[in-house]
Amino acid sequence: DDLLTENNDNGSTEKEFDRDRCPNRCSQFALSTEKCENGYNLAKCLRPTNIDSQNEGQWVDTGICEELNCGIIGRAKYQIEVDKILDTLSDKDLLMRPTTSQYKARADVIAARICPVEVPRAYVMFLLAYEWTMRHKTLYSGADPCDWPGVTCDGLRVAEINWTDRNLRGTIPEEIGLLSALTRLSLDNNFLTGSIPQSFRHLSRLIILDLDRNELTGLLPEFLYSFVSLTWLDLDTNHFRGTLPFAVSNLQHLRVLSLFNNQLSGSLPESLGRLKNLEHLYLDGNMFGGFCGVELCNNMPYILQELTVDCGVNCPCVHDCYSR
């Protein structure tokens, strides 16, 4: 209560938070000692609002009951509680190893006294910034990732990451799958290596996925063909292997499919012709063979505007093929 001051201007005993004494990251939050629905006397995270002039500059209840915030508890207890959250997000060994991005992201969360409800979002974004050698840059050093360039948030969730041509280096960590609300992920024209992690399967809300012009390897994951909201799938100019399965026809909203300059092989599935919204299909620079399918050719030029294949593919509707 020593961080709270009485407000008796209207004769009430309402307590207001002394913002000047709230440390570090928590200067963006206030405290309330109201009783939560579960009956415990906990602190609530409050935010300043600028939504309308009537409430401008006032602290507005987010409706989230949290025990951890600002000076309500000591650093040691705060760290214990944050570690409970982080233990559900990453391997504990990685969190405790000083050379890892997980360890560095954890340290930043604790140092900034992130409001607990925001810990998962902040932690994952800090981790990505360390993993891809961005965190040392001023634009990506802030405590709120939603203020970073190329990042769009929807409430407590990260909705879009557009980091095209940012000189990103490193691998894609498993923790990226925790950003399950992503609708756009654009990491093209960078220097990312390794394979697409299995946790990617949780990014099923993606509408735009841009990973082209990196150094990514491995098989194209089968779960990509269950991302039924995709309209744009660009994986060209990497080192992906494998085949293009019949299940590609699940992507009925797809407008652009770009896979050129990889190491893909096998026959093209006739189900490509069932993608009735597909406007641009780039398949050259691979090792595909066989027949491209009558249905695919029937889609040109009414729906399908561009189609590129290697000369090893029998495709009568393509006049200029590419030879490796």
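Higher on the page you've got the structure.
Criteria and thresholds
Residues numbered from 1 in each chain as written. Predicted model: local features only at pLDDT ≥ 70, side-chain atom pairs only at ≥ 80, totals over all residues. Heavy atoms only, no water. Helix = DSSP H or I, 4+ residues; strand = E, 2+ residues; numbered from the N terminus. Buried < 20%, exposed > 50% of the residue type's maximum accessible area, 1.4 Å probe, protein only. Contact = heavy atoms within 4.5 Å. Areas by Shrake-Rupley, 256 points an atom, 1.4 Å probe, with all protein chains shown as cover. Disulfide = S-S within 2.5 Å. Pairing = 2+ DSSP bridges. Phe/Tyr/Trp six-rings, centres within 6.5 Å; stacked < 30°, edge-to-face > 60°. Lys NZ or Arg CZ within 6 Å of the ring centre and 35° of its normal. Salt bridge = Lys/Arg side-chain N within 4 Å of Asp/Glu carboxyl O. Core = buried A, V, L, I, M, F, W, Y, C linked by side-chain atoms within 4.5 Å. Axes fitted to C-alpha atoms, helices over the stretch in contact; angles between N-to-C directions.

Moving on to the overall build of the protein. Across its full length, the protein holds five helices and 19 strands. Per-residue burial over the protein gives 47% buried out of 324 residues. When contacts within the protein are restricted to residue pairs at least 6 apart in sequence, long-range pairs at least 24 apart make up 47% of them. Carbon and sulfur atoms form 48% of the exposed surface of the protein, whose accessible area is close to 15,700 Å².

Turning our attention to the state of the cysteines. The full count for this structure, using the stated rule, is three disulfides. In this model Cys146 forms its disulfide with Cys153; the gap between the sulfur atoms is 2.0 Å. Looking along the S-S bond of the Cys146-Cys153 disulfide, the torsion reads about -90°, which is the left-handed sense. Across a sulfur-sulfur distance of 2.1 Å, Cys297 and Cys317 are joined as a disulfide pair. Residues Cys297 and Cys317 share a disulfide whose torsion about the S-S bond is about -70°; that sign makes it left-handed. Residue Cys297 is located in helix 5 (residues 294-298), and its partner Cys317 is located in the segment after strand 19 (313-314); the two are separated by 20 residues in the primary sequence. The pair formed by Cys297 and Cys317 is uniform in burial state, with each residue classed as buried.

On to the pairing of strand 17 (residues 287-291). Bridge count between strand 15 (residues 263-267) and strand 17: three bridges; the pairing is parallel. Residue Gly266 lies in a different strand from strand 17, and its bridge partner there is Phe288.

This paragraph deals with the packing of aromatic side chains. Taken as a whole, this structure holds seven aromatic pairs when the rule is applied. Between Trp148 and Trp163 the ring centres are 6.5 Å apart and the planes differ by 25°, which places this aromatic pair in the stacked class. Highlighted residues: Trp148 in the loop between helix 4 (119-131) and strand 5 (151-154) and Trp163 in the loop between strand 6 (157-162) and strand 7 (169-171), separated in sequence by 15 residues. Summarising the burial analysis for this pair, Trp148 and Trp163 share the class buried. For the pair Phe260 and Tyr282, a centre-to-centre distance of 6.4 Å together with 85° between the ring planes defines the contact as edge-to-face. Note that Phe260 is positioned in the loop between strand 14 (256-258) and strand 15 and Tyr282 in strand 16 (residues 280-282), a separation of 22 residues in sequence. With a relative accessible area of 18%, Tyr282 lands in the buried category. An aromatic cluster of three or more residues is present, and its members are Phe126, Trp132, Tyr140, Trp148 and Trp163. Looking at Arg135, its charged tip hangs above the ring of Phe126, at a distance of 4.0 Å from the centre. Geometry around Phe191 places Arg169 over its ring, the cationic atom sitting 4.1 Å from the centre.

Per the counting criterion, the structure on display carries ten salt bridges. Residue Glu118 pairs with Arg121 through a salt bridge whose shortest N-O separation is 3.2 Å. Residue class for Glu118 comes out buried when judged on its relative accessible area of 2%. By relative accessible area, which is 7% here, Arg121 ends up buried.

If you look at soluble globular proteins, the nonpolar side chains tend to sit buried side by side. In this structure, Trp132, Ile161, Trp163, Leu185, Phe200 and Leu272 are the most contacted members of the largest nonpolar core, which totals 75 residues. Here this core gets nine residues from one element, more than from any other, and that element is helix 4. Residues within four places of Phe200 in sequence aside, it is in contact with Ile172, Ile176, Leu185, Leu206, Leu209, Leu211, Phe223 and Phe227.

Further remarks concern the sheet that holds strand 5. Taken together, eight strands build an open sheet; the order of strands is 5-6-8-10-12-14-16-18 and the sheet is mixed. One side of each edge strand has no neighbouring strand; the edge strands of this open sheet are strand 5 and strand 18 (306-308). Put simply, the sheet's adjacent strands are angled 15° from each other on average, direction ignored. Sheet topology places strand 6 next to strand 8 (residues 184-186); three bridges connect them, and they run parallel. Across the sheet, Glu160 pairs through a bridge with Arg184, a residue of strand 8. Seen against the sheet, helix 4 touches strand 5 and strand 6 and runs at an angle of roughly 20° to strand 6.

Moving on: the environment of Ser323. Positionally, Ser323 belongs in the segment after strand 19. The spacing of Ser323 and Asp284 is 39 residues in sequence and 8.3 Å in space, taken between C-alpha atoms.

Here we come to the sheet that holds strand 9 (residues 191-194). One open sheet accounts for seven strands, arranged 7-9-11-13-15-17-19; its pairing is parallel. Of all strands in the sheet, those with a lone pairing partner are strand 7 and strand 19, marking the two edges. For strand 13 (residues 239-242) and strand 15, the ladder comprises two bridges, and the chain directions are parallel. Within strand 15, the residue paired with Gly242 across the bridge is Leu264.

Geometric values such as these leave the question of function open.
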